[in-house]
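# Close look at the chain arrangement
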Amino acid sequence: MIKNIKWLFIASLSLVACNNNEDETVADVPVTAGSANFSKYVALGNSITAGFTDGALFKAGQQNSYAKLMADQFALVGGGEFKIPYMNDNIGGLMFGTTQIQSTRLIFNGSAPVNLPATPTTQLLPVLTGGFNNFGVPGAKSFHLLAPGYGNPAGLMTSPQTANPYFVRFASSTTTSVLQDAMTQQPTFFSLWIGNNDVLGYAMSGGDGSNPITPATGAPGVGFDGTYNTLVNTLTSGGAKGVVANIPYVSTIPFFTTVPYNPLTSAVLGNGNTTVGDATISQLNTQLYGPLKQALTAFGAGDRIELLSTSKANPVLIKDESLTDLSAQLTAAFTPSMGAANAAFYGAVFGKARQAKATDLVLLTTKNAIGAAPTASDSGLGFAPPSPLNKFGITYPLQDKHILIPTEIAELKTATDAYNATIKAAADAKVLAFVDVNAVMQQLAKGGINFDGVYNMSSSFVSGGAFGLDGVHLTARANAYVANKFLEAINATYGSTFKMYDLRNFSSGYPANLP
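Throughout what follows, the structure given in this document is the object of discussion. (Residues numbered from 1 in each chain as written. Predicted model: local features only at pLDDT ≥ 70, side-chain atom pairs only at ≥ 80, totals over all residues. Heavy atoms only, no water.)

### Description of the overall build of the protein chain
Along the protein chain, the regular secondary structure elements total 14 helices and 15 strands. Computed over the C-alpha atoms, the radius of gyration of the protein chain is 25 Å, within 12% of the 24 Å expected from 2.2 N^0.38 for a compact globule of 515 residues. By principal-axis analysis of the C-alpha atoms, the protein chain measures approximately 80 × 50 × 45 Å. Looking at the protein chain as a whole, 54% of its 515 residues are labelled buried. Within the protein chain, counting contacts between residues at least 6 apart in sequence, those at least 24 apart form 74% of the total. As displayed, the protein chain has an accessible area near 20200 Å², and 55% of this comes from carbon and sulfur atoms. Separation between the mean location of the 28 positive side-chain charges and that of the 30 negative ones in the protein chain comes to 3 Å. (Helix = DSSP H or I, 4+ residues; strand = E, 2+ residues; numbered from the N terminus. Rg over C-alpha atoms; globule rule 2.2 N^0.38 Å. Buried < 20%, exposed > 50% of the residue type's maximum accessible area, 1.4 Å probe, protein only. Contact = heavy atoms within 4.5 Å. Areas by Shrake-Rupley, 256 points an atom, 1.4 Å probe, with all protein chains shown as cover. Lys, Arg positive; Asp, Glu negative; His and termini not counted. Charge placed at Lys NZ, Arg CZ, Asp CG, Glu CD.)

### Quick look at the nonpolar core
In terms of nonpolar packing, the biggest core is built from 147 residues, with Leu192, Phe256, Phe350 and Ile490 touching the most fellow members. The leading source of residues in this core is helix H14 (residues 476-494), at eleven residues. Among residues more than four places away in sequence, those in contact with phenylalanine 350 are Leu288, Leu292, Leu317, Leu330, Leu389, Thr395 and Pro397. (Core = buried A, V, L, I, M, F, W, Y, C linked by side-chain atoms within 4.5 Å.)

### Quick notes on helix H9 (residues 274-298)
The sharpest bend along H9 measures roughly 50° and falls at asparagine 285. Buried within H9 are the following residues: Gly277, Ile281, Leu284, Asn285, Leu288, Tyr289, Leu292, Ala295 and Leu296. Check the buried side of H9 and you find it contacts helix H8 (266-269), strand E9 (317-319), helix H10 (327-338), helix H11 (340-350) and strand E10 (353-355). By the N-cap criterion, in which a side-chain oxygen at the helix start approaches the backbone nitrogen of a residue two or three places on, H9 is capped by asparagine 273, the distance to threonine 275 being 2.9 Å. At the C-terminal side of H9, glycine 300 shows a positive phi close to 75°. (Bend = angle between axes of the 7 residues up to and from the residue. Polar contact = N/O pair within 3.5 Å; in protein donor to acceptor, adjacent residues only side chain to side chain.)

### Some points on the packing of aromatic side chains
Following the criterion strictly, the structure yields 26 aromatic pairs and no others. Taking the centre distance of 5.1 Å and the plane angle of 80° together, the rings of phenylalanine 38 and phenylalanine 498 count as edge-to-face. Taken as a pair, phenylalanine 38 in the segment before strand E1 (41-45) and phenylalanine 498 in the segment after H14 lie far apart in primary sequence, 460 residues in all. Of the two residues examined, phenylalanine 38 and phenylalanine 498, each falls in the buried class. Ring centres of tyrosine 41 and phenylalanine 189 lie 6.3 Å apart, and the angle between their planes is 55°; on these two criteria the pair is classed as tilted. Of this pair, tyrosine 41 sits in strand E1 while phenylalanine 189 is found in strand E7 (residues 189-193), placing the two residues 148 residues apart along the sequence. Each member of the pair, tyrosine 41 as well as phenylalanine 189, is classed as buried. (Phe/Tyr/Trp six-rings, centres within 6.5 Å; stacked < 30°, edge-to-face > 60°.)

### What about the pattern of salt bridges?
Tallied over the entire structure, the rule returns eight salt bridges. Aspartate 428 is paired through a salt bridge with lysine 424; the nearest N and O atoms lie 2.9 Å apart. Placement of the pair is aspartate 428 and lysine 424 together in helix H12 (residues 406-430), with a separation of four residues, close to one helical turn. Note on lysine 424: relative accessible area 33%, which makes it partly exposed. Between arginine 504 and aspartate 502 there is a salt bridge, with the nearest N and O atoms lying 2.9 Å from each other. (Salt bridge = Lys/Arg side-chain N within 4 Å of Asp/Glu carboxyl O.)

Here you go:
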């Protein structure tokens, strides 16, 4: 089995501004509310709104969420208390009685992210009471905010689940919805950043169909446009003003950009020994890649497989469900040399196989699968393949759940663009402040954002300082940057004069010994 792809962790200071080299220092002017009333602020959204990061929800993350940072600014102009359903501590994870149902937060152990070795102390029940202002619910899709019973503990036992454990902790009743509870606060101002999970769930499952994209159009609770417009219409029904944000492309976050499509070097295949690796490559070419390429070439599909090189990095082997299935042809071609049963196995395994390309996106979680032995449940065949055809990405194709292929990436972009059109139209119709988070994330992904000409924050994992150890959620520093973008939009729309946060005061990562 090959070694895991090495992680690059470089301590970095990452300070940002509105463009690639701009000081965020703001003139010392009085902070004013402008035309908006911030006395009762509610924040609706998903995990980022809640302060989730490093694979978990924990107290320090909640305290550094962009929503909490905005609420602190609103307090300067008469904003009331911003109540948060805090976790007990900085361990992360959830307990349901004696059963752990959510993992502890990730820490860096010197070579890779691992879960904090501790037992969560935060219990799912009893339910927190008293009313809250941060309605960020990790895992929530847009339509979940409208769903009655999304905080009902009984819904955690159904298949599929109809409830969310994080909302169970603070829902006012077993029949309420997130939106209903938010409206009981009689908000005068709101923030709404929702829709990320409507595409992210599909992307993080490799587009395998287990977590479908929310339709762009449809009735409230079904399609994104109907749901989103219901959310905005309800939130503004009492005269509240607000700020909304659009959805970034998944291709801008490190969960999809960290693991290369071509990690198979001689050193990797030889566990650091290039001589062993060269011999392995020669053997693979002779026994597998060469015969496959010869057979596929005969069927006009020789470009699916190239022989492995000893002098450069080679791509992983994947299954591409969009390809024409050549199982029958490969079975027929290999039957004379290996017998009907073995040939049928080859046909089933390699009928839609190809080597990955730069246009594919390998999931961060796939790092640990490369070189590992497929099990009966994840092989796609219902049984574990025999040696030597039992190394994912090398002698056995990575499956749909491991990688995003161009057709799936296009589906995600189409949906995101449609969602963003709905969000912008709603903002324009209701004269709400609007934040183009998609543009921010693209800038982070394309070289990053500089501050003072010295510091840089980018989407590089984890050295970029913008994303935590799960490769999806923001660091405290990036949350402060996002809060600044929200505050800029609020200032521009409502004539407020909120000051920007100095990002040097925020961490680009949480230490393992966080108290």
